[in-house]
Amino acid sequence: MTLTRDRHGWDGVVLRDPPQEPGILYPSDDDEPMADTELQYHAITDAVFALKMHLRQLGRMGTVRGNCALYYDADNRTAYLTPNVLLAYEVAVPGEEGYAPWVYGKVPDLVMEMASPSTHAQDSGLQWERYAAMGIPEYWQHDPHHRYLTEDLLGWQLQDGTYVPIPLQPDRPRGALIGRSSVLDTDWGLDTTTGILRLWNPVQGRWYLTVQEAGTAHEREATRADQEATRANQEATRADQEATRADQEATRANREAARADQEAARVRAAEAEIARLQVLLQRQGHTPKDPLD
């Protein structure tokens, strides 16, 4: 039996939307999968991770979300889009809530879509028009599959209500095809070797890490920390052993000194006894003979 799924369930079995918490007027969860493919999933999570690192690097407050419901009609709570990546400066959106511009007093500053088999057509059509109509300053598209867009990285800036393409150019020193983001004040780059989307760290002069790279770097740091801890423990053990040997040597030296003191005391006692006997003999009229005579 082959199961098929539509919005209402599997083979006619009704699926209920998850209950929303009281007081949440604009829920974030649209009950849809985060991504069609693994490539799309990694592209989304890497972009969200890089943008969060960028905000932290710049010391700016803001919200970065992946697949967050973006509402565009205050009178219709079913009217929303779900950009794969959303950035809004100077606002804090709770994790369980979607983004309603009239609640936060502004539209997002940047949205990005990762092309997939089911979304690439609407990303370049209806959603492109809707984002422009909302007044979102920048819109980016990335195709991690290298098959759905004319170029794997596309960007637009809003000018007079219309999106104008952001020029892309090769950058050999950084090994990427570069597009400048005015909103981020840095560059998106498409790695010419791997095809991975990267974000440039303008402060440190390198690309922000992907989630996997950050995890690998963390593992390397943890391994180095473990090795340093092991070396420190070995050094401490050697120091303890040296201290033990020093204590043992000191104990032996003390014992030798005690034995030497005891021998000296016995010699002094013997000499005193001999002297006493000689005095006693002299008093009795006996003169001790010289042992050499």
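Each residue is numbered by its place in its chain's sequence as written, counting from 1. Given that this is a predicted model, residues contribute local features only at a pLDDT of at least 70 and side-chain atom pairs are listed and counted only at 80 or more, while totals for whole chains, interfaces and linings are drawn from all residues. Calculated side-chain values reflect all of the structure's heavy atoms, with hydrogen atoms and water omitted.

Caption draft 1: Inspection of the nonpolar core at higher detail. Formed by 24 residues in total, the largest nonpolar core has its most connected members in V85, L87, M112, M114, L184 and W188. A run of DSSP states H or I qualifies as a helix once it reaches four residues; a run of E qualifies as a strand once it reaches two. Both are numbered from the N-terminal end. At the level of elements, α1 (38-58), β7 (85-89), β8 (110-114), β14 (186-191) and β15 (197-201) are the ones that each hand at least two residues to this core. Not counting the four nearest positions on each side in its chain, L87 is found in contact with L55, T63, V64, P108, D109, L110, V183 and L184. One finds L81, V93, A132 and M134 within the second-largest nonpolar core, a separate group that totals 19 residues. Note on terminology: a nonpolar core comprises buried Ala, Val, Leu, Ile, Met, Phe, Trp, Tyr and Cys residues joined through side-chain atoms within 4.5 Å. Burial classes follow relative accessibility: with a 1.4 Å probe on protein chains only, a residue under 20% of its type's maximum area counts as buried, one over 50% as exposed, and anything between as partly exposed. Note on contacts: a residue pair is in contact if any heavy atoms of the two residues lie within 4.5 Å.

Caption draft 2: Examining the packing of aromatic side chains more closely. Stacked, edge-to-face and tilted are the three classes for Phe, Tyr and Trp ring pairs, Trp counted by its six-membered ring, which pair at centre distances within 6.5 Å; planes under 30 degrees apart are stacked, over 60 edge-to-face, the rest tilted. Counted according to the given criterion, the structure contains 11 aromatic pairs. The cationic tip of R130 hangs over the ring face of Y72; the distance from NZ or CZ to the ring centre is 4.1 Å. Two conditions define a charge sitting above a ring: the NZ of Lys or the CZ of Arg must be within 6 Å of the ring centre, and it must be within 35 degrees of the ring normal.

Caption draft 3: Layout of α1. By this rule, a helix spans an expected 1.5 Å times one less than how many residues it contains. The end-to-end C-alpha distance of α1 is 30 Å, a good match for the 30 Å that 21 residues give at a rise of 1.5 Å each. Every buried residue of α1 is listed here: Q40, A43, I44, T45, D46, A47, V48, A50, L51, H54 and L55.

Caption draft 4: Inspection of helix α4 (residues 126-134) at higher detail. The complete set of buried residues in α4 reads Q127, Y131, A132 and M134. The arc that holds the buried residues of α4, viewed along the axis, is 165 degrees, so those residues lie on one side. Turned more than 90 degrees off the buried face of α4, the exposed positions are E129 and A133. Two residues or fewer after α4 comes G135, characterised by a positive phi angle close to 90 degrees. Each direction from the helix axis to a C-beta atom contributes to the arc, which is the arc of those directions.

Caption draft 5: How the structure looks around the sheet that holds β7. Read from one edge of the open sheet, six strands run β4-β7-β8-β9-β10-β11, paired in mixed fashion. The open sheet has two edge strands with one neighbour each: β4 (62-66) and β11 (162-165). Strand-to-strand, the axes of this sheet are offset by a mean angle of 20 degrees, without reference to chain direction. The pairing criterion for strands is at least two bridges between them, as found by DSSP. Sheet analysis places β7 next to β8, joined by three bridges and oriented antiparallel. Across the sheet, L87 pairs through a bridge with L110, a residue of β8. Relative to the sheet, α1 contacts β4, β7, β8 and β9 (138-142), its axis offset from that of β4 by approximately 170 degrees. In this description, a line fitted to the C-alpha atoms serves as the axis of each element, helices being fitted only across the stretch in contact, and the angle between N-to-C directions of two axes falls anywhere from 0 to 180 degrees.

Caption draft 6: Representation of the environment of W200. Its place among the elements puts W200 in strand β15. For the pair W200 and D185, spaced 15 residues apart in sequence, the C-alpha separation works out to 9.7 Å.

Caption draft 7: Here's a closer look at the sheet that holds β14. Judged by pairing direction, the sheet is antiparallel, and its five strands sit side by side in the order β12-β13-β14-β15-β16 without closing on themselves. The open sheet terminates on both sides in strands that have one partner only, identified here as β12 (168-171) and β16 (206-207). Note that β15 and β16 share two bridges and pair antiparallel. Looking across to β16, one finds that W200 is bridged to W207.

Caption draft 8: Local environment of the side chain of D152. Position of D152 among the secondary structure elements: in the loop between β9 and β10 (153-159). Under the convention used here, Asp and Glu are negative, Lys and Arg are positive, and both His and the chain ends fall outside the count. Only one rule defines a salt bridge in this text: a Lys or Arg side-chain nitrogen within 4 Å of an Asp or Glu carboxyl oxygen. For the buried residue D152, which engages in no salt bridge, the nearest side chain bearing the opposite charge is R147, 9.3 Å off. Residues in contact with D152, not counting those within four places in the same chain, are Q141, H142, D143, H146 and L190.

Function-wise, these values are silent; they only describe arrangement.
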